[in-house]
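# Coordinate inspection notes
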Amino acid sequence: MANTQVRVQTGDFDAGAEIARLRAGNAAIGAVASFIGVARDRNDGTQVATLTLEHYPGMTERALEGICAQAAQRFDVIDLLVIHRVGQLQPLDQIVLVVVTSAHRGEAFAACQFVMDYLKTEAPFWKKEATPQGSRWVDARESDEAARTRWSAASE
């Protein structure tokens, strides 16, 4: 069973330190795949001043743990780490970190992508952008749903 860690927090994270902590002393790890999501200054052609992420405490962590459990069942991984920030973020701020360790790169890459694809569609986060025209809630993207559903087709 993979070692899974999930954190939802307001503060920033140090990806290098998190990866080093996972790798420390584990000679079975042959691959580390990671993803960092970053707040942009534009969305759908509109300038974005800030991004506010809201969530349901407890429910969000359970959803992320469930996504990691699915990834651990599907892929041969050693560690799964998800850190997701909430609160008000500025452009260039880090939003999410996913790190997967495995003996082999293919499993690490696939599990990292799987976690992000499911996180974007299954985790209870709500995004509000502050734009020059006022605040607006961000709707789910069809491309995120398509990315998630490809995993269903891959398992059939």
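Residues numbered from 1 in each chain as written. Predicted model: local features only at pLDDT ≥ 70, side-chain atom pairs only at ≥ 80, totals over all residues. Heavy atoms only, no water.

## Description of the overall build of the protein
Within the protein, the regular secondary structure consists of four helices and ten strands. In the protein, the succession of helices and strands from N to C terminus is β-α-β-β-β-β-α-β-β-β-α-β-β-α. Its C-alpha atoms give the protein a radius of gyration of 16 Å, near enough to 15 Å, the size a compact globule of 156 residues would have. Projected onto the principal axes, the alpha-carbon positions of the protein cover approximately 50 × 35 × 30 Å. Taking all 156 residues of the protein together, the buried fraction comes to 42%. In the protein, 78% of the contacts between residues at least 6 apart in sequence involve partners at least 24 apart. Carbon together with sulfur atoms contributes 49% to the accessible area of the protein, which is approximately 8500 Å² in total. The averaged location of the 20 negative side-chain charges in the protein is 2 Å from the averaged location of its 16 positive side-chain charges. (Helix = DSSP H or I, 4+ residues; strand = E, 2+ residues; numbered from the N terminus. Rg over C-alpha atoms; globule rule 2.2 N^0.38 Å. Buried < 20%, exposed > 50% of the residue type's maximum accessible area, 1.4 Å probe, protein only. Contact = heavy atoms within 4.5 Å. Areas by Shrake-Rupley, 256 points an atom, 1.4 Å probe, with all protein chains shown as cover. Lys, Arg positive; Asp, Glu negative; His and termini not counted. Charge placed at Lys NZ, Arg CZ, Asp CG, Glu CD.)

## A short note on the packing of helix H2 (residues 59–74) against helix H3 (residues 105–122)
Here H2 crosses H3 at 150°, and the two axes come no closer than 10 Å. In terms of axis orientation, H2 runs roughly antiparallel to H3. At the point where H2 passes H3, the crossing takes the right-handed sense. Taken together, the residues of H3 that come into contact with H2 (itself represented by Ala63, Leu64, Ile67, Gln70, Ala71 and Arg74) are Phe114, Val115, Tyr118, Leu119 and Glu122. The residue inventory of the contact of H2 with H3, partitioned by class, reads eight nonpolar, one polar and two charged. (Axes fitted to C-alpha atoms, helices over the stretch in contact; angles between N-to-C directions. Parallel < 35°, antiparallel > 145°, perpendicular 65-115°, else oblique. Left-handed = near helix turned anticlockwise from the far one by under 90°. Nonpolar A, V, L, I, M, F, W, Y, C, P; charged D, E, K, R; others polar.)

## Some thoughts on the sheet that holds strand S10 (residues 134–137)
Spatial strand order, S7-S5-S9-S10: four strands in an open sheet with antiparallel pairing. With partners counted over all chains shown, the strands left at the sheet margins are strand S7 (87–89) and S10, one partner each. Ignoring strand direction, the axes of neighbouring strands in this sheet form an average angle of 25°. (Pairing = 2+ DSSP bridges.)

## Observations regarding a nonpolar patch on the surface
A grouping of Tyr56, Met59, Trp126 and Trp137 is seen on the molecular surface, where their side chains present a nonpolar patch of about 450 Å² in accessible area. Position of Tyr56 among the secondary structure elements: in the loop between strand S5 (50–55) and H2. (Patch = residues over 30% accessible without salt bridge, like charges linked within 9 Å, V, L, I, M, F, W, Y side chains within 5 Å. Salt bridge = Lys/Arg side-chain N within 4 Å of Asp/Glu carboxyl O.)

## Structural notes on the side chain of Gln9
Tracing the sequence through the fold places Gln9 in strand S1 (residues 3–9). Reaching out from Gln9, the side chain makes a polar contact with the backbone oxygen of Gly11 at a distance of 3.1 Å. In this structure the side chain of Gln9 is engaged in a polar contact, spanning 3.3 Å, whose partner is the backbone oxygen of Asp12. Here Gln9 is in contact with Ile83, His84, Arg85 and Val86, once residues within four sequence places are set aside. (Polar contact = N/O pair within 3.5 Å; in protein donor to acceptor, adjacent residues only side chain to side chain.)

## Comments concerning the packing of aromatic side chains
For any pair of aromatic rings, geometry is given as the distance between the ring centres together with the angle between the planes. As enumerated under the stated definition, the model contains five aromatic pairs in all. Ring plane angle 85° and centroid distance 5.8 Å describe the contact between Phe75 and Trp151, whose orientation is recorded as edge-to-face. Of this pair, Phe75 sits in the loop between H2 and strand S6 (79–85) while Trp151 is found in helix H4 (residues 142–155), placing the two residues 76 residues apart along the sequence. Ring geometry for Phe114 versus Tyr118: centroids 4.4 Å apart, planes at 25°, classification stacked. Here the residue Phe114 and the residue Tyr118 both occupy positions in helix H3, the gap between them amounting to four residues, near one helical turn. (Phe/Tyr/Trp six-rings, centres within 6.5 Å; stacked < 30°, edge-to-face > 60°.)

## Description of unusual backbone geometry
For Asp44, which is not glycine, the phi torsion reads 50° and is therefore positive. Along the chain, Asp44 turns up in the loop between strand S3 (42–43) and strand S4 (46–47). In this structure, Leu92 is a non-glycine residue whose phi angle is positive, near 85°. Within the secondary structure layout, Leu92 lies in the loop between S7 and strand S8 (94–102). Judged by its relative accessible area of 73%, Leu92 falls in the exposed class.

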